[in-house]
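Spelled out, the chains give:
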Amino acid sequence: MRDYLLTEDQRDCLQEITNVAMGQAGSHLARLLDVFVVLSIPHVSVLNPTDIAMALQSLNRESRNDIVHGVCQGFIGGGIAGEAMLIFHETDFDDLAKLLKYDRVTDEQAQYELLMDTANVLNGACLRGLAEQLDTHFSFGPPMLLGQHCNITDLLQNNNMKWKQALVVEINYSIENHKINCDLLLVVAEHSIFGLTEKLNYLLD
């Protein structure tokens, strides 16, 4: 186990502030799309790339198929650098397009644009909420496609993860009465964990 990188108090604090940030993001999405957004409780752990694949497979175990689509977006600020990975599973693109007031999604390019726009909305709202509570500011890189119509293992390999372990916060989003499900993973690589724990310690004092 590598969870010694975080104390129990630090883990609880991170889970609490992420929960607040996700709630803000979910509320923003609900108002934007006029839907009810269902959120899981954030799960905080220290994982390596293989662990992440296993965790996602576990989250999606009940899916009827293992086809996923993924987008990642880097963020940096206040001594913290990482990426937000948004993994879509059991998602109907036509349903998503209808909510975002797109025309019917007819090809992979249209699906790509839909994934990018959804990632911008979800990642941006969550990371801004997290940064505000940490009293810092995150700059965002452009969202990048990890893969479309692939399995989780291939999708994560496409990301070419260069770190050995990372602090990972996992949250599941789903939209009630719509076939839209996604997992958001906030990944803070090992070299940035110290910067994050310093911020958490300040909140705990």
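- With an unreviewed UniProt entry as reference, the chain is termed Chemotaxis protein CheY-P-specific phosphatase CheC, source organism Cellvibrio fibrivorans.

1. Comments concerning helix α1 (residues 8–33)
Here's step 1: Its 26 residues place the ends of α1 37 Å apart at the C-alpha level, agreeing with the 38 Å of an ideal helix rising 1.5 Å per residue.
Here's step 2: Buried residues of α1: Gln10, Arg11, Cys13, Leu14, Ile17, Thr18, Ala21, Met22, Ala25, Gly26, Leu29 and Leu33, and no others.
Here's step 3: Residue aspartate 34 follows α1 closely and has a positive phi angle near 60°.

2. Some points on unusual backbone geometry
Here's step 1: Even without a glycine there, the phi angle at aspartate 135 is positive, about 55°.
Here's step 2: Tracing the backbone through its elements, the reader meets aspartate 135 in the loop between α4 (108–133) and β5 (139–140).
Here's step 3: Overall, aspartate 135 belongs to the exposed group, its relative accessible area being 63%.
Here's step 4: Of note, the phi angle at asparagine 177 is positive, near 65°, even though the residue is not glycine.
Here's step 5: Residue position: asparagine 177 is located in the loop between β7 (166–175) and β8 (181–189).

3. Let's talk about a negative patch on the surface
Here's step 1: A grouping of Glu8, Asp9, Asp12 and Glu16 is seen on the molecular surface, where their side chains present a negatively charged patch.
Here's step 2: Tracing the backbone shows glutamate 8 in helix α1.
Here's step 3: Looking at glutamate 8, the relative accessible area reads 62%, which means it is exposed.

4. A word on the pairing of strand β4 (residues 80–89)
Here's step 1: Among the 10 residues of β4, 10 are classified as buried, and the element is accordingly described as predominantly covered.
Here's step 2: The side-chain alternation of β4 yields two buried faces, one formed by Ile80, Gly82, Ala84, Leu86 and Phe88 and the other by Ala81, Glu83, Met85, Ile87 and His89.
Here's step 3: Relative to β4, strand β3 (residues 68–77) runs antiparallel, the two being bridged by 10 bridges. Paired with glycine 70 across the bridge in β4 is isoleucine 87.

5. Section: the nonpolar core
Here's step 1: Counting 48 residues, the largest nonpolar core has Leu14, Leu134, Leu167, Tyr173, Leu184, Leu186 and Leu196 as its most contacted members.
Here's step 2: With 10 residues, α4 is the single largest residue contributor to this core.

6. Here's the deal with the confidence of the model for the chain
Here's step 1: Confidence along the chain averages 81 in pLDDT terms, with 85% of residues attaining 70 or more.
Here's step 2: Summarising per-element confidence for the chain, the mean pLDDT is lowest in helix α5 (residues 152–158) (65) and highest in β5 (92).

7. Things to note about the side chain of threonine 91
Here's step 1: When you line up the elements, threonine 91 lands in the loop between β4 and α3 (93–99).
Here's step 2: Note on threonine 91: relative accessible area 13%, which makes it buried.
Here's step 3: Separated by 2.9 Å, the side chain of threonine 91 and the backbone oxygen of asparagine 181 make a polar contact.
Here's step 4: What threonine 91 contacts, discounting residues up to four positions off in sequence, is Leu96, Lys179, Ile180 and Asn181.

8. Some words on the packing of aromatic side chains
Two descriptors summarise a pair of aromatic rings, namely the distance from one centre to the other and the angle between the planes of the rings.
Here's step 1: If you walk through the whole model with that rule in mind, you get one aromatic pair.
Here's step 2: Both rings, one in phenylalanine 75 and one in phenylalanine 138, keep their centres 5.0 Å apart while their planes meet at 55°; by these two values the pair is tilted. In this pair, phenylalanine 75 sits in strand β3 while phenylalanine 138 sits in the loop between α4 and β5, placing the two residues 63 residues apart along the sequence.
Here's step 3: For phenylalanine 75, a relative accessible area of 5% gives the class buried.

Basis of the calculations
Residues numbered from 1 in each chain as written. Predicted model: local features only at pLDDT ≥ 70, side-chain atom pairs only at ≥ 80, totals over all residues. Heavy atoms only, no water. Helix = DSSP H or I, 4+ residues; strand = E, 2+ residues; numbered from the N terminus. Expected span 1.5 Å × (residues − 1). Buried < 20%, exposed > 50% of the residue type's maximum accessible area, 1.4 Å probe, protein only. Patch = residues over 30% accessible without salt bridge, like charges linked within 9 Å, V, L, I, M, F, W, Y side chains within 5 Å. Areas by Shrake-Rupley, 256 points an atom, 1.4 Å probe, with all protein chains shown as cover. Salt bridge = Lys/Arg side-chain N within 4 Å of Asp/Glu carboxyl O. Lys, Arg positive; Asp, Glu negative; His and termini not counted. Charge placed at Lys NZ, Arg CZ, Asp CG, Glu CD. Pairing = 2+ DSSP bridges. Core = buried A, V, L, I, M, F, W, Y, C linked by side-chain atoms within 4.5 Å. pLDDT = per-residue confidence, 0-100. Polar contact = N/O pair within 3.5 Å; in protein donor to acceptor, adjacent residues only side chain to side chain. Contact = heavy atoms within 4.5 Å. Phe/Tyr/Trp six-rings, centres within 6.5 Å; stacked < 30°, edge-to-face > 60°.

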